[in-house]
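Each chain is listed here by its residues.
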Amino acid sequence: MPVNTLRLKKFAPDARRRLHQLIEAKMKYVLNMDSPELREKEGSLDQLKTQIILKGEQTVIEQVAYTWFNRFVALRYMDVRGFQPLGVRIISPTTNGGTPEILSNALSGRIPAELEKVKNTVLGILSGSISSRHPQNEAYSLLLIAACNHLHQIFPFLFEKLDDYTELLLPEDLISGQSIIQFVREGMTEADCQEVEIIGWLYQFYISEWNDELISSKKVYKKNELAPASQLFTPKWIVQYMVDNTLGQLWTEIKPNTNITATLDYYIKPAYKAQ
């Protein structure tokens, strides 16, 4: 079944806008509130303030939103396809319910051994021995971040190491029916996740509004604007066409008697070979 690009074309920009709003609200909260929890994260706060001075608030928000969008999308795809190294779904439930499997398991006292560092804290929050305003949400945040950090060790090219301030700006609500996690699950259906091209389409649609803004501005782009201004997703069939008619053709030149072209769906015999 092909990817429903019409739905994704609406979902990705909507997700970008939602993440911007959520992260901006979280930024205002952590910069203006005082609490024991935030005092414990003084180093992360200092790092955030430094980044804001260097880059500006909107650039920091954009970068953090993109980071979390990438992670949510990758985690959803891996959940649906059964590719999670931890053996448990990170943002998806096992049934049609709304609770991610990793949190459901934690509520029953089961946490992957790879996340041992957060196990006692998570179980303490869920049992009430550690005070929390929103126990399940806070426990899930810890599990989500720990899972991303574990995946960084396995897939560093996909799950880059999270900066402390990126973790600090993780949206507050992650498990309600109106959460960004639920929005991602609805936007990336299980049917669409059967096709790996969904990742490429989501990237293109996520930056589409930014791309339009940059193109219409007719200015010299900054370094961080080059990718969204110039990159487009190449569908699989175009890649296959290019490979069939470059490497495929080269192989026929090396091995004139080869039958490989019969297996190439997009191979076109050159005019000089047609005689």
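Note: the structure precedes this text.
Residues numbered from 1 in each chain as written. Predicted model: local features only at pLDDT ≥ 70, side-chain atom pairs only at ≥ 80, totals over all residues. Heavy atoms only, no water.

Attention now goes to a nonpolar patch on the surface. Taken together, the side chains of Val239, Val243, Leu247, Leu250, Trp251, Ile254 and Ile260 present a nonpolar region at the surface, about 620 Å² in accessible area. Contributing elements (two or more residues each) for the nonpolar patch: α13 (236–244) and α14 (247–254). Of the residues forming the nonpolar patch, the biggest block, four residues, is contributed by α14. (Patch = residues over 30% accessible without salt bridge, like charges linked within 9 Å, V, L, I, M, F, W, Y side chains within 5 Å. Areas by Shrake-Rupley, 256 points an atom, 1.4 Å probe, with all protein chains shown as cover. Salt bridge = Lys/Arg side-chain N within 4 Å of Asp/Glu carboxyl O. Helix = DSSP H or I, 4+ residues; strand = E, 2+ residues; numbered from the N terminus.)

Along the chain, Asn137 falls in helix α7 (residues 135–154). A residue is classified by how much of its surface remains accessible, and Asn137, at 11% relative accessible area, is buried. A polar contact of 2.8 Å, which involves the side chain of Asn137, links it to the backbone nitrogen of Leu174. Among residues more than four places away in sequence, those in contact with Asn137 are Glu172, Asp173, Leu174 and Ile175. (Buried < 20%, exposed > 50% of the residue type's maximum accessible area, 1.4 Å probe, protein only. Polar contact = N/O pair within 3.5 Å; in protein donor to acceptor, adjacent residues only side chain to side chain. Contact = heavy atoms within 4.5 Å.)

Pairing between side chains of opposite charge can happen when their charged atoms approach one another. Applying the stated criterion across every chain yields a total of eight salt bridges. Its salt-bridge partner being Lys10, residue Asp14 comes within 2.8 Å of it at the nearest N-O pair. Here the residue Asp14 and the residue Lys10 both occupy positions in helix α1 (residues 5–32), the gap between them amounting to four residues, near one helical turn. Asp14 sits in the buried class, given a relative accessible area of 16%. Judged by relative accessible area, Lys10 falls into the exposed class, the value being 57%. Here Arg89 ties to Glu190 by a salt bridge, and the two come within 3.4 Å at their closest N and O atoms. Placement of Arg89 in the loop between α4 (57–81) and α5 (101–107) and of Glu190 in the loop between α9 (180–187) and α10 (197–206) is noted, with a sequence separation of 101 residues between them.

Time to look at the packing of α1 against α9. Running from amino to carboxyl end, α1 crosses α9 at an angle of 170°, the nearest separation of the two axes being 10 Å. With respect to each other, α1 and α9 are oriented roughly antiparallel. Judged by residue contacts, Arg7, Leu8, Phe11, Asp14, Ala15, Arg18, Leu19 and Leu22 of α1 engage Ile180, Phe183, Val184 and Gly187 from α9. Counted by class, the contact of α1 with α9 contains eight nonpolar, one polar and three charged residues. (Axes fitted to C-alpha atoms, helices over the stretch in contact; angles between N-to-C directions. Parallel < 35°, antiparallel > 145°, perpendicular 65-115°, else oblique. Nonpolar A, V, L, I, M, F, W, Y, C, P; charged D, E, K, R; others polar.)

Turning to the side chain of Thr252, a few remarks are in order. Of note, Thr252 is situated in helix α14. Residue classification places Thr252 among the buried positions, given a relative accessible area of 9%. Every residue in contact with Thr252, bar those within four places of it in the chain, is listed here: Thr258, Thr261 and Tyr267.

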